[in-house]
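Examination of the molecular architecture
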Amino acid sequence: MAFNGHGVWAIYRFEMARTFRTLWQSIITPVVTTALYFVVFGSAIGSRMGGVSEVPYGAFIVPGLIMLSLFTNSIFNGSFGIYFPKFTGTIYELLSAPISPLETVLAYVGAAATKSVILGLVILATAALFVPLQILHPFWMLAFLILISATFSLFGFIIGVWAQSFEQLNFIPMLVVTPLTFLGGAFYSIDMLPPAWQTVSLFNPVVYLISGFRWAFFGVGDVPVAISLGATLIFFFVLLAFVGWIFRTGWRLKN
Amino acid sequence: MAGVIEIRGLTKTYKSGLKALDAVDLSIEKGEIFALLGPNGAGKTTMISIVCGIVTSSEGSVTAAGHDIRKDYRKARSAIGLVPQELTTDAFETVWATVTLSRGLFGKAPNKPFIEQLLKDLSLWDKKDAKIMTLSGGMKRRVMIAKALSHEPDILFLDEPTAGVDVELRKDMWAMVRRLRERGVTIILTTHYIEEAEEMADRVGVILKGRLVLVEEKTALMKKLGRKTLTLQLQEPLTALPPELAEWTLALNADGTELEYVFDSNAEKTGVPSLMRRLSDLGVGFKDLSTKQSSLEDIFVGLVHQSREAA
């Protein structure tokens, strides 16, 4: 047995089954939240605002809003899947199973990312009901969606391993990721900022992710798309390496 | 032939500095039921956790079913099922979902008829779609056993299987252990009840403060453990033991007011009735008498002394 495919599939199905059982929280809640954003920013306020780079404001915020939900939900799904067994103690079974670290990550992060991709597409469909949308590069749109979902699910997985309480579980998404997203151009183009703040924004990793995703829609972004893609890939592999370290050392998992 | 589990020089020192295991050597034979006996905190769970891969050892080596638990962890772990001491379950999941997950985790293809039979054997079939949190403690314990057996392991660890379990489940569990043994499954259980070891095990190991102080066939051990003490409170103090009582090993305590006799309660002739007759022949009267079974604690203390003397 060089690859425990049954094990990966079993975890994946188990995790996905939980999503479908808690469909209301998993999909409906983010969709309602996002719909509210569209009503307020897209229709009510957006109609009085000028477009950004010739894109109507209501459409302009769609990629940013999808990213906002994608980040928080990927982190939540990725962290909860591994934190909960740790919290209840059922992690003993995972630790005693003939399954490698890579397989474990593949299963948990795969399930979390799948949920996020579904969520992203559902929000996109919701958005299409409120604002006219164009997607210039559908392939790259999907590629960014999947890659960013996987990256943030992986990030969530690390938070789930690190967290020792439910408060800690919420700490990073609420206090780090959400502010970075709001300041990362979810609702504006960083061109609209004073030059000094534009430079500061370039240190915000989220800028690259949102910019790349927005480019896939409208063909324009805050930074060149190749840099966006490169940055996303770097985040992904840095996090993957960190997860590898966690399993090698048993950090916060084993005595 | 090497045993199905071979433990060599196994040592575990926790970060707190606690030495939970100290150079343990143990060989478990295929198909036997081995009971690991010891007080709380002796290192029983640490030892099991290391073999199962939940805790990393500090020193020493372990093989399970002929595979090194570190280098060849997939093969070693595939052979092992574990029922941990704590009742930890996926509270929100159904019995069926959690048992199916376990089978997959251990690399086995889904097999509905097998899981169905397993749940029926454990009287869980009518609860298969129930959420685990709605089950009683005993039922949860059954679920954990079903999870451990879901991948048809050759080696089964039961960590304190009957702690807090009612009589009926205890009987069921013992019956199940025997059925598994008939199929050739090796079973290692930990307990601090001597009766449990007596009822089920072929061999018994006693672990104390991280050291395996004794490994013996159950029958031999039970002889040692079956000691009782008879104490007689005398009406008149004796200054010395009368020579007529020399054939019993007696001790005179408490200024000659107490006569103590240690005997083997499992022996055919305990010597108690004959002692009583002899005492009445001699006219030694007593006010009261009591017998006391050596408690596990006493036995452990005795074993520690023995192991020190041997060292």
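Here's what I pulled together on the structure shown here. (Residues numbered from 1 in each chain as written. Chains lettered and ligands numbered in written order. Predicted model: local features only at pLDDT ≥ 70, side-chain atom pairs only at ≥ 80, totals over all residues. Heavy atoms only, no water.)

**Considerations on the packing of aromatic side chains**
If you walk through the whole model with that rule in mind, you get 21 aromatic pairs over all chains. Ring centres of Trp-96 of chain B and Trp-125 of chain B lie 6.2 Å apart, and the angle between their planes is 75 degrees; on these two criteria the pair is classed as edge-to-face. Taken together, the residues span a long stretch of sequence, with Trp-96 of chain B in helix α3 (residues 95–105) and Trp-125 of chain B in the loop between α4 (112–121) and α5 (137–149) at a distance of 29 residues. Take Trp-125 of chain B: its relative accessible area is 26%, and that puts it in the partly exposed class. Taken together through their ring pairs, the aromatic side chains of Phe-76, Phe-80, Tyr-83, Phe-84, Phe-87 and Phe-166 of chain A together with Phe-92 of chain B make up a single cluster. Positioned above the aromatic ring of Phe-60 of chain A is the side chain of Arg-214 of chain A, whose terminal nitrogen or guanidinium carbon lies 3.7 Å from the ring centre. Seen from the ring of Trp-125 of chain B, Lys-120 of chain B lies directly overhead, with NZ or CZ sitting 5.1 Å from the centre. (Phe/Tyr/Trp six-rings, centres within 6.5 Å; stacked < 30°, edge-to-face > 60°. Helix = DSSP H or I, 4+ residues; strand = E, 2+ residues; numbered from the N terminus. Buried < 20%, exposed > 50% of the residue type's maximum accessible area, 1.4 Å probe, protein only. Lys NZ or Arg CZ within 6 Å of the ring centre and 35° of its normal.)

**Some details on empty space enclosed by the protein**
Following the criterion strictly, the structure yields two cavities of 30 Å³ or more and no others. Reported here for the largest cavity is a volume of approximately 80 Å³. Lining the largest cavity, in full, are Tyr-92, Glu-93 and Ser-96 of chain A together with Ile-80, Gly-81, Leu-82, Phe-106, Lys-147, Ala-148 and His-151 of chain B. The set of elements that each furnish at least two residues to the lining of the largest cavity consists of α4 (91–96) of chain A together with β6 (80–83) and α5 of chain B. Partitioning the lining of the largest cavity into residue classes produces five nonpolar, three polar and two charged. Empty space within the second largest cavity amounts to approximately 60 Å³. Lining the second largest cavity, in full, are Ile-5, Ile-7, Leu-26, Ile-28, Leu-36, Met-47, Ile-48, Val-51, Phe-157 and Ile-188 of chain B. Of all the elements in the fold, those that place two or more residues in the lining of the second largest cavity are β1 (5–13), β2 (19–28) and α1 (44–52) of chain B. (1 Å grid on protein atoms, 1.4 Å probe; cavity = no way out; pocket = protein on both sides within 12 Å on 5 of 7 lines; lining within 4 Å. Points joined across faces, edges and corners; volume = space filled by probe spheres on them. Nonpolar A, V, L, I, M, F, W, Y, C, P; charged D, E, K, R; others polar.)

**Structural notes on helix α1 (residues 5–21) of chain A**
When the terminal C-alpha atoms of α1 of chain A are compared, their 24 Å separation across 17 residues agrees well with the 24 Å that a helix rising 1.5 Å per residue should span. Taken together, the buried positions of α1 of chain A are Gly-7, Val-8, Ala-10, Ile-11, Phe-14, Glu-15, Met-16, Arg-18 and Thr-19 of chain A. Against α2 (23–45), α3 (57–88), α4 and α5 (101–130) of chain A together with α3 of chain B lie the buried residues of α1 of chain A. (Expected span 1.5 Å × (residues − 1). Contact = heavy atoms within 4.5 Å.)

**Concerning the sheet that holds β1 of chain B**
All names here are of chain B. Strands sit in the order β2-β1-β4-β5 across an open sheet of four strands; the sheet is antiparallel. Strand pairing shows two members of the sheet lacking a second neighbour, β2 and β5 (67–68), which therefore form its edges. Judged from the six bridges that link them, β1 and β2 form a sheet pairing that is antiparallel. Each bridged residue has a counterpart across the sheet, and for Thr-13 the counterpart in β2 is Lys-19. (Pairing = 2+ DSSP bridges.)

**Describing α4 of chain B**
All names here are of chain B. Of the positions making up α4, those classed as buried are Ile-115, Leu-118 and Leu-119. Seen from one end, α4 has its buried residues packed into an arc of 95 degrees, which puts them on one side. Turning to α4, the residues buried within the fold contact α3 and α5. With a side-chain oxygen lying 3.1 Å from the backbone nitrogen of Phe-114, the N-terminal cap of α4 falls on Asn-111. Immediately downstream of α4, the backbone of Ser-123 shows phi near 55 degrees, a positive value. (Arc of directions from axis to C-beta. Polar contact = N/O pair within 3.5 Å; in protein donor to acceptor, adjacent residues only side chain to side chain.)

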